[in-house]
Amino acid sequence: MFCTRKITETIHWVGGNDRRLALFENLFPVPNGVSYNSYVILDEKTALMDTADPSIRTQFLENVAHVLDGRPLDYLVVNHMEPDHCSGIAEIMTLYPQAKVVGNAKTFQILNQFYSIPQLAERSVLVKEGDTLSLGSHTLTFAMAPMVHWPEVMAAYESSEKVLFSADAFGTFGALNGTIFNDEIDFDRDWLNDARRYYANIVGKFGPQVQAVIKKLSALDIQIICPLHGPVWRSQIPYLLDKYQHWSTYTPEEPGVVILYGSMYGNTENAANVLAAMLAEKGVKNIAVYDVSSTHVSQSIAESFRASHIVLAAPTYNGGLYPAMEHVLLDMKALNLQNRTIALLDNGSWASTAAKHMRSILESMKNMTILKTSVSLKSALKDEQEDVLKALAGEIADGVLNTQR
Ligand code: FEO
């Protein structure tokens, strides 16, 4: 049976949820599932805003048919050509032979790379920045949003109801539990971590491009944001924009310490725990400790986008850096993380080289401040190192507590 919701009297959510998927993009764990959103606009003409992932094909097609209720589909607007949204294009075009596909030049280039759709050229409507498409009382205006998250991405703004169809922007991991609007859920409690993890790992590298789009959209009166994943926003839009402002400028969301440690036999882990306790003794409250071997790299990345201070604690391995930590650090660099204060702690039983390797990766990143004090263990933390560890805790705590003020 169909499963749809009304966004407004004329705009309908026709997406679906996948709670079986283990890895989004075959990379990122989605323990809370993921939603693939798609929308139908009903007017003199009808429009479908993107299709959906094959995993929800049956539900999606049933939803579209239900909302159209026997009417033909006039337009399929393709805001994004990643297959989790575009895989249904050929089938929609077959089921709705009157439908024209709306996209920009890059959309059609990528569409032709993925698929061979007969008569696509005759059924295409090519749009560029600022072009409009009238559906009757609704008008869509297209704004190009390259690299948020692929080069062909565009957003569509519907001016009569002030609705932004934002493609991947403002999306999040997580299946929708019947409650599809932000005011029906506790976003901070249940969604923010997944939203940050989605942003940091999927779009994190492209902060300047996200900034360009935010600037472009700031001229619009937006009352509703309809992303391709996660909840639809119909209130608290400044809150969401503020999150995007922080993430896309690589500005920490909050003063706090994330301790990422790698540890083979528990000795580096012990030092990380002792340091965390020392930080708490000094008045730091926002502390999170993660084992990089058992924490998915996408979570370490998300937490690094959140906090102002990061402690990296790792053993030497193969004369270099413990691989799980190297993975996290190289991912931070690939995703363009900047503007963080970093403390280093390493461990080596016969030759400590981990700190040197971490430092060299950090020095190739932008505006990463490495604290003067660092701690080097020889196999295990010893009582005589209490002072240097306390000094490191003091330096971190001063920074965090000063940022809080
Ligand atoms: Fe949800 Fe970039 O696709």
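Nothing here was measured: the structure is a model prediction, and the numbers come from that model. Within every chain, residues take consecutive numbers counted from 1 along the sequence as written. Only residues with pLDDT of at least 70 get local features here, since the model is predicted, and only at 80 or more are side-chain atom pairs given and counted; chain-wide, interface and lining totals rely on the full set of residues. Note that water and hydrogens are dropped before the side-chain values are worked out from all heavy atoms of the structure.

(A) Representation of helix 8 (residues 237-248). Secondary structure elements are taken from DSSP: a helix is a run of H or I of four residues or more, a strand is a run of E of two residues or more, and numbering for both begins at the N terminus. Every helix has an expected span of 1.5 Å times one less than the residues it contains. Taking 1.5 Å of rise per residue, the 12 residues of helix 8 would be expected to cover 16 Å, and the 16 Å separating its terminal C-alpha atoms lies within 8% of that figure. Note on exposure labels: buried denotes an accessible area under 20% of the residue type's maximum, exposed denotes more than 50%, and partly exposed covers the range between, all computed with a 1.4 Å probe on protein chains only. Restricting attention to buried positions, one finds in helix 8 the residues Ile237, Leu240, Lys243, Tyr244, Trp247 and Ser248. Down the axis, helix 8 shows its buried residues gathered within 120° of arc, on one side only. Considering only its buried residues, helix 8 is in contact with helix 6 (192-203), helix 7 (207-217), strand 16 (224-227) and helix 10 (297-306). After helix 8 finishes, the residue Tyr250 shows a positive phi value of roughly 55°. Here, the arc refers to the directions that run from the helix axis to the C-beta atoms. Residues count as neighbours in contact if any of their non-hydrogen atoms are within 4.5 Å of one another.

(B) Spotlight on the environment of Leu111. Here Leu111 lies in helix 4 (residues 105-114). Taking the C-alpha atoms as reference points, Leu111 and His80, separated by 31 residues in sequence, lie 9.9 Å from one another. Among residues more than four places away in sequence, those in contact with Leu111 are Met81, Ile89, Val101, Ile117 and Leu120.

(C) A look at the sheet that holds strand 11 (residues 124-126). DSSP-based pairing: two strands are paired if at least 2 bridges between them are found. Spatially, seven strands are ordered 1-2-7-8-9-10-11 in an open sheet, and the strand pairing comes out mixed. Of all the strands in the sheet, just strand 1 (5-6) and strand 11 have a single pairing partner and so form its edges. Relative to strand 9 (residues 75-77), strand 8 (residues 46-49) runs parallel, the two being bridged by three bridges. Bridged to Leu48 within strand 9 is Leu76. The angle between two axes is taken between their N-to-C directions and runs from 0 to 180 degrees, where each axis is a line fitted to C-alpha atoms and a helix contributes only its stretch in contact. Sitting on the sheet, helix 4 is in contact with strand 10 (100-103) and strand 11, with an inclination near 120° to strand 10.

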